[in-house]
Structures are given as structure tokens and as C-alpha cells.
Number of protein chains: 2
Amino acid sequence: MSAGREQGGTGDLEAVLKEAGLRITRQRRVILAILAGGGDHPDALALFRRASRQDPSISLSTVYRTMKVLEERGAIQRHTFEGGPARFEPADGVHHDHLIDLETGKVIEFRSERIERLQEEIAAELGYEIVSHRLELYGRRRGED
Amino acid sequence: MSAGREQGGTGDLEAVLKEAGLRITRQRRVILAILAGGGDHPDALALFRRASRQDPSISLSTVYRTMKVLEERGAIQRHTFEGGPARFEPADGVHHDHLIDLETGKVIEFRSERIERLQEEIAAELGYEIVSHRLELYGRRRGED
DNA sequence: ATGTATGCAAAGAGTTTGCAAATGT
DNA sequence: ACATTTGCAAACTCTTTGCATACAT
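Note that the coordinates shown come from a computational prediction; the quantities given were computed from them, not determined experimentally.

Explain the overall build of chain A to me, please; I cannot follow it from the model alone.
A count of helical and extended segments in chain A gives five helices and six strands. Going residue by residue from the N terminus, the α and β elements of chain A occur as β-α-α-α-α-β-β-β-β-α-β. The principal-axis extents of the C-alpha atoms in chain A amount to approximately 50 × 40 × 25 Å. When the 145 residues of chain A are sorted by exposure, 40% land in the buried category. Treating the 22 positive side-chain charges of chain A as one cloud and the 25 negative ones as another, the clouds have centres 8 Å apart.

In C-alpha cells:
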């Protein structure tokens, strides 16, 4: 099992847009920078608030539209954790799962080859092939409370 | 790994309400029977439509309210699969995970002790204890398409 | 110059809630 | 009898969309 995340450069996401023939607008530049630099998993509203600080003209619609475009290109991932709104993170190529701290909402990433393999086996036994999957652990720090 | 579900009797859910000092109304009786007898994972609207057939006076609010009450008592589970609305199933005591057929939306239940154990290990390594978790495989039948 | 992206306001899906009337115990 | 539950409509949260204007290329 492994945990942690590598910071992707800001340019990665802009490159995705450029290569798709899409435009790098002032708003998108701001949003992408936040997404690439945050290292966390903000929802649309959080993104909007952070972006507004740098450019008060940005609208929530643009945040959503930008997320949609990036998601379609596979440049970001959209997660819908229990209950809450969708949260976004830059796709770092390697699939990983999430542990959500129930007190703080903080998200810890991890990856387990063994679990990945087991999932494949299970799907195969049931006669299926996996297209995608989602493993989320909701927990609290040990020795708290 | 194991798959399948056992049918719980209709009385189970009514008993939960009774023991909680809540009332068994005509509407609840209908909704609970559908839930217990369906063997599937209907969303609120599906539940509402099926219930309406037996009792056209039932409202969607009542479906939602009934789900909430049962969920609070741990008698049912609420799942929010990718994108869609919440879907409900009677809690059969033993935790299980889900494989969702992407073509049909059908849900197959399974349980893997090994995965359960691995999850615990991972959480422990990260310094957490698991409160709940969610493992969903999205796939398509092999040899199709 | 041209098509793309934007902000705004309105609409949409899913779910919850306030209220007065109905109903289970 | 009396608290609980109901149906209805309105409110709410999150997200998408139509449209006229602004902007990147």
C-alpha cells in the first residue's frame, strides 16, 4: 500500500485545453492554478471562492463548466463522497482510492495493488469486467474522541 | 468471495418501527412491503411509483420520510451510486459491497473477507479506524458489446 | 473576424420541510 | 384524546443551461 500525492505542474492542465483546441481564458487560468496547486479536493463552491479572491468576476458557472471540460478530457477526476457535493482533483494518471476523515473532511489518498487485484478477481467471478470503481473509507483518527 | 442476498421477512421492518414507538400507517406498510419484497435497490421515485399502484394516495414525501426513519434506525441502507439518486435496500445485517451493471443499472451484491481485511489494514497504516466504507465496482458483462 | 467562453438568471434534479388536516395508538 | 404522520406546496442544495455580451485566437 502507498499513500501520498505528487504535485503536477500548473502547465499540465492548460496543456490539455490547448491540445484540445480550447481557449485559455483569464478565468480558466486562475481556476486551473488553484486546482493544480491546492493539493486537496475542493468542491465547486470552494474553488469558486478561492478563485473569486484572485478575480472577483469569476462565476460559479464557469467553475462548473471548466470542471466539465477537464473531466471530459480526463484531466481531472470528479468524486462524490457520501452526501456532499462533487469534489475535484487533478488526475495524476495512477488510480488511487480515498480515505475521508469524518471530522475534518480531509481526504487521504492511497493505493493498494492487492485490493485492485482482488476487485478484478471478484468482478471476473461474477462474469463482469470492471469499467471503473470506487473505494472510499470513512474513518476517524485513531485514539481520538 | 460470496454473492447473493437472503430475503428478510416483511415483518422485520415493521418491527423496527414498532419497537421505536413509531406508528405503522397504511402508507408505511405498503412501502415496507415493497422494500422487503423487491430484492432490488430502488430509488425513491421507483418506490413511490410502485407504492402508488397499491395506494394512489401515497406521496413522494412519505417515501423519503420513511426512508429517513428506517435509515436512522439502521433498518435500511442508502446508497448513492455514481451520479444517480439515492437507492435503498433493507439492511441484512452482513455488510456487502456492490457491482453495478452499467448497461442495466442492476446491482449485484458481493462480500469479500479479504478486501474487508485489507481495508482495515490500510486504514490502520494511515492511523485511522474505519467508521464505514463503500466499495463499488462499475462494469459490464463479459463478452458483451 | 470568428467561434468560443463568459456572467447572469432561470431551470432542473433530487431531497427536505412547514403547515394544517388526517390518522394510529 | 393526543402525538405522530400525512399530502401538498414551497424551499433548498447542487448543477446545468439559454442567451446576449465579451474575449481569445
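Just to check I follow, could you spell out the side chain of E14(B) for this structure?
All names here are of chain B. Mapped onto the secondary structure, E14 falls in helix 1 (residues 11-19). Assessed through its relative accessible area of 16%, E14 is described here as buried. Contacts of E14, omitting those with residues within four sequence positions, involve I24, R29 and L32.

What is the right way to look at helix 4 (residues 60-72) of chain A in this model?
Residue pairs three or four apart in sequence face the same way in an α-helix, which turns once every 3.6 residues. All names here are of chain A. With 13 residues, helix 4 should reach 18 Å at 1.5 Å per residue; the first-to-last C-alpha distance of 19 Å fits that figure. Buried residues of helix 4: V63, T66, M67, V69 and L70, and no others. All buried residues of helix 4 fall inside an arc of 165° around its axis, so they share one side. For helix 4, the exposed residues lying more than 90 degrees away from the buried face are R65, K68 and E72. At the C-terminal side of helix 4, G74 shows a positive phi close to 75°.

Sorry, what's going on with the packing of helix 2 (residues 26-38) of chain B against helix 4 (residues 60-72) of chain B here?
The axes of two packed helices give the description: the angle between them and the distance between them. Residues and elements named next belong to chain B. Contact geometry for helix 2 and helix 4: axes closest at 10 Å, N-to-C directions at 70°. With respect to each other, helix 2 and helix 4 are oriented roughly perpendicular. The element helix 2 and its partner helix 4 pack so that their crossing is right-handed. Here Q27, R28, I31, L32 and L35 of helix 2 come into contact with helix 4, specifically with T62, V63, T66, M67, V69 and L70. A breakdown of the residues in the contact of helix 2 with helix 4 according to their chemical character gives seven nonpolar, three polar and one charged.

Help me understand the interface of chain B and chain A, please; the structure alone is not making it clear to me.
Accessible area lost on assembly of the parts is the figure often given for the size of an interface. Across the boundary between the two partners, chain B contributes 37 residues, which contact 37 residues of chain A. With both chains or domains summed, chain B and chain A bury close to 3600 Å², and 63% of this area falls on carbon and sulfur atoms. Among the residues of chain B in contact with chain A, Y128(B), R134(B) and R142(B) are the three that bury the most area, contributing 22% of the side total. Scanning the region where chain B abuts chain A turns up four salt bridges. The set of elements that each furnish at least two residues to the side of chain B that touches chain A consists of strand 4 (97-101), strand 5 (107-111), helix 5 (113-125) and strand 6 (128-141) of chain B. In terms of residues, the side of chain B that touches chain A owes the most to one element, strand 6 of chain B, which gives 14 residues. Across the side of chain B that touches chain A, the residue classes break down as 19 nonpolar, seven polar and 11 charged.

Cut-offs used in this document
Residues numbered from 1 in each chain as written. Chains lettered and ligands numbered in written order. Predicted model: local features only at pLDDT ≥ 70, side-chain atom pairs only at ≥ 80, totals over all residues. Heavy atoms only, no water. Helix = DSSP H or I, 4+ residues; strand = E, 2+ residues; numbered from the N terminus. Buried < 20%, exposed > 50% of the residue type's maximum accessible area, 1.4 Å probe, protein only. Lys, Arg positive; Asp, Glu negative; His and termini not counted. Charge placed at Lys NZ, Arg CZ, Asp CG, Glu CD. Contact = heavy atoms within 4.5 Å. Expected span 1.5 Å × (residues − 1). Arc of directions from axis to C-beta. Axes fitted to C-alpha atoms, helices over the stretch in contact; angles between N-to-C directions. Parallel < 35°, antiparallel > 145°, perpendicular 65-115°, else oblique. Left-handed = near helix turned anticlockwise from the far one by under 90°. Nonpolar A, V, L, I, M, F, W, Y, C, P; charged D, E, K, R; others polar. Buried area = accessible area lost by both parts, 1.4 Å probe. Salt bridge = Lys/Arg side-chain N within 4 Å of Asp/Glu carboxyl O.

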